[in-house]
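Overview (structure and organization)
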Amino acid sequence: MDIDEISSNLETPYYLYSENLIKENINSYMKHATKHTLFCYSVKANSNLSILKLIASMGMGFDVVSKGELYRVMKAGADSKKIVYSGVGKRKDEIKFALECGILCFNVESEGELHAINEQASLMECVANVSIRVNPDVAVETHPYISTGLKENKFGIPYKDALEIYLKASQLKSLNITGVDFHIGSQITTIEPYLDSLKSIKSLIAELEKKGISISHIDVGGGLGIKYQDENIINKDFFISTIVSELKDLNIMILFEPGRSIVGDCGILVSRVQYVKESDEKSFLILDASMSELIRPPLYNAHHNITAVHRTDAVKKNYDVVGPVCESADFLGKNRLMNVNVSDLVIIEDVGAYGFVLSSNYNTRPKPAEYIISNGNINEIRSADTLDQILANEL
Ligand code: LLP
């Protein structure tokens, strides 16, 4: 669609998603749906209510990490029997809410949490399904901030302690042990770390069987990478079928928690060039988008392609593409060869995951609007903040 035409009626910066692309990504998972697989979209990647509704309507379950995310998916019409609840710091009120909703299972990350869930379930005279998140100590080649499966990470229970924790869990009356899970990181571009983890997890399951603890599901987490630049990524079909075939002898349910690979490549951030600024050392394109709307470049040194909507006759130059926020870290791309003029539109690509959800009101900037293209129409799915909304809770 013609972004220039669309933008004549819309205020920049704004997020724009494609419903068709999201559906395509969902389908590439859902076509593998059998009674032995469950796909739980990881809400943190993009939690817009309209997008969650779309995902729920196509039969996916959800992976949530807070009462807020659980509240969203329930509003979006999720089937509570397809919800898993992950995260290292679940509060009592969050556990209570999840039990009231009747979720499929808690992914438990510490012994303390096992006791907290057991206590709450006992108070409510119910039984909580639990799966223990095991940290398989597997290295993945990704940014250290999004690697989670190493010993030094705060996530999961160290592999060597897992058996003991399961034995302890089996003594707690209000818990029902159903699964084992792991999540080793995000933006993973090779299958090997998954296979290495599965090897350890399978031998853990065999040990558990010997102790009389039988496991009915394995949750392999999320993490499948997408192509931002020139990465060689794993094909979704190959990824799913490899994991399914790796586990087929166990006759067990397999859960997946994809986030980025459902929404990442389905969104762009549209922004306008405010100023072109030259200094002795550098040329800067100053946009009306900033780290407040998209923090991935400064936070993870992430690369997002930035393209001009109209390639003008302006001279091609190397620019640092920056925003108006008062931080030297406020950049969206560095050394980008572009030919653009003041007032031109640019698009920042592949921001459907961890884009809007990580936006903030820093510098009292309103969070931008979100739109989705469905059936050729542009629908607003979240309006931009007004200044009064930003101030509303302050005294
Ligand atoms: N399951 C669990 C337990 C997770 O912690 C995550 C992501 C996922 C599933 C989904 O992973 P995905 O399929 O999206 O890779 N903000 C960072 C990414 C943080 C990922 C956190 N956990 C970024 O912008 O790259």
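Glancing now at the site of the ligand. Close to the ligand lie 17 residues; S186, E257, R296, Y300 and Y354 are nearest. Contact between the ligand and K44: an oxygen atom at 3.4 Å from a side-chain N or O atom of the residue. Contact with the protein chains hides 91% of the accessible area of the ligand, taken as 590 Å² for the molecule alone. By residue class, the composition of the shell around the ligand is five nonpolar, six polar and six charged. Per-domain counts for the shell around the ligand show at least three residues from each of domain 1 (3–15 + 265–391) and domain 2 (19–262).

Taken domain by domain, the protein comprises domain 1 (3–15 + 265–391) and domain 2 (19–262). Listed by partner, the interface residues are 19 residues for domain 1 and 22 residues for domain 2. Both faces considered, domain 1 and domain 2 share a buried interface measuring about 1900 Å² in area, 54% of it formed by carbon and sulfur atoms. At the surface where domain 1 touches domain 2, the tally comes to zero salt bridges. Here domain 1 is connected to domain 2 by seven residue pairs in polar contact (both at pLDDT 80 or more). Ranked by residues supplied to the side of domain 1 that touches domain 2, first place goes to strand β17 (residues 369–374) with four residues. In the side of domain 1 that touches domain 2, the residues fall into nine nonpolar, five polar and five charged.

Let's shift gears to helix α3 (residues 49–57). Each α-helix winds once per 3.6 residues, and so residues spaced three or four apart point in a common direction. Among all positions of α3, only I51, L52, L54, I55 and A56 are buried. Regarding α3, its N-cap is N48, as a side-chain oxygen of that residue lies 2.8 Å from the backbone nitrogen of S50 further along. Phi turns positive one or two residues past the end of α3, at G59, with a value near 95°.

Turning to the pattern of salt bridges, a few remarks are in order. Between side chains of opposite charge, a pair can form as their charged atoms come close. For the coordinates displayed, the defined rule picks out 17 salt bridges. For K67, the salt bridge identified is with D93, shortest N-O distance 3.1 Å. A residue pair is termed long-range when its members are at least 10 positions apart, and K67 in helix α4 (residues 67–75) and D93 in helix α5 (residues 92–101) qualify at 26 residues. In this structure, the salt-bridge partner of R91 is D93, at a minimum N-O distance of 2.8 Å. Taken together, the salt bridges that share partners define one network made up of K67, R91 and D93.

Before going further, it helps to examine the pairing of β17. Judged by how many residues are buried, β17 sits mostly within the fold: five of six residues are covered. Judged from the five bridges that link them, strand β1 (residues 14–18) and β17 form a sheet pairing that is parallel. Bridge assignment links Y17 to a residue of β17, and that residue is I372. When β17 meets strand β18 (residues 377–382), the two strands line up antiparallel, connected through five bridges. Its bridge partner being in β18, I373 is matched across the sheet by I378. Between the end of β17 and the start of β18, which pair antiparallel, lie two residues, with N375 showing a positive phi angle near 50°.

Enumeration over the complete set of coordinates arrives at nine aromatic pairs. Ring geometry for Y85 and F106: centres 6.0 Å apart, planes at 25°, overall stacked. Linking Y85 in strand β4 (residues 83–85) with F106 in strand β5 (residues 105–108), this pair joins segments that are 21 residues apart in sequence. Judged on exposure class, the residue Y85 and its partner F106 are both buried. Plain terms: the ring middles of F239 and F256 are 5.9 Å apart, the flat faces sit at 70° to each other, and that makes the pair edge-to-face. Here the residue F239 occupies a position in helix α9 (residues 236–246), and F256 occupies one in strand β10 (residues 253–256), the gap between them amounting to 17 residues. For F256, a relative accessible area of 1% puts it in the buried group.

Quick look at the side chain of D219 now. By the element assignment, D219 lies in strand β9 (residues 217–219). Buried and without a salt bridge, D219 has R133 as its closest oppositely charged side chain, separated by 8.7 Å. A polar contact is formed between the side chain of D219 and the backbone nitrogen of G221, at a distance of 2.8 Å.

The omega torsion of the bond from T12 to P13 falls at -5°, within 30 degrees of zero and hence cis. Inspection of the secondary structure assignment puts P13 in the loop between α1 (3–7) and β1. Even without glycine at this site, N251 takes up a positive phi of about 50°. Of note, N251 is situated in the loop between α9 and β10. Judged by relative accessible area, which is 60%, N251 ranks as exposed. The backbone of N363 shows a phi angle near 65°, a positive value even though the residue is not glycine.

Both faces of the sheet carry side chains from a regular strand, because those side chains alternate between them. Counting buried positions over the five residues of β1 gives five, a clear majority of the element. Residues Y14, L16 and S18 of β1 are buried on one face, and the alternating residues Y15 and Y17, pointing to the opposite face, are buried as well. Note that β1 and strand β11 (residues 267–278) share four bridges and pair antiparallel. Opposite Y15, over in β11, you have L269 as the bridge partner.

Here we take up the side chain of T242. Tracing the backbone through its elements, the reader meets T242 in helix α9. Looking at T242, the relative accessible area reads 14%, which means it is buried. Within polar-contact distance, the side chain of T242 engages the backbone oxygen of F238 at 2.5 Å. Aside from chain neighbours lying at most four places away, what touches T242 is I191 and L195.

What counts and what doesn't
Residues numbered from 1 in each chain as written. Predicted model: local features only at pLDDT ≥ 70, side-chain atom pairs only at ≥ 80, totals over all residues. Heavy atoms only, no water. Near = heavy atom within 4 Å. Polar contact = N/O pair within 3.5 Å; in protein donor to acceptor, adjacent residues only side chain to side chain. Areas by Shrake-Rupley, 256 points an atom, 1.4 Å probe, with all protein chains shown as cover. Nonpolar A, V, L, I, M, F, W, Y, C, P; charged D, E, K, R; others polar. Domains from an automatic or database assignment. Contact = heavy atoms within 4.5 Å. Buried area = accessible area lost by both parts, 1.4 Å probe. Salt bridge = Lys/Arg side-chain N within 4 Å of Asp/Glu carboxyl O. Helix = DSSP H or I, 4+ residues; strand = E, 2+ residues; numbered from the N terminus. Buried < 20%, exposed > 50% of the residue type's maximum accessible area, 1.4 Å probe, protein only. Pairing = 2+ DSSP bridges. Phe/Tyr/Trp six-rings, centres within 6.5 Å; stacked < 30°, edge-to-face > 60°. Lys, Arg positive; Asp, Glu negative; His and termini not counted.

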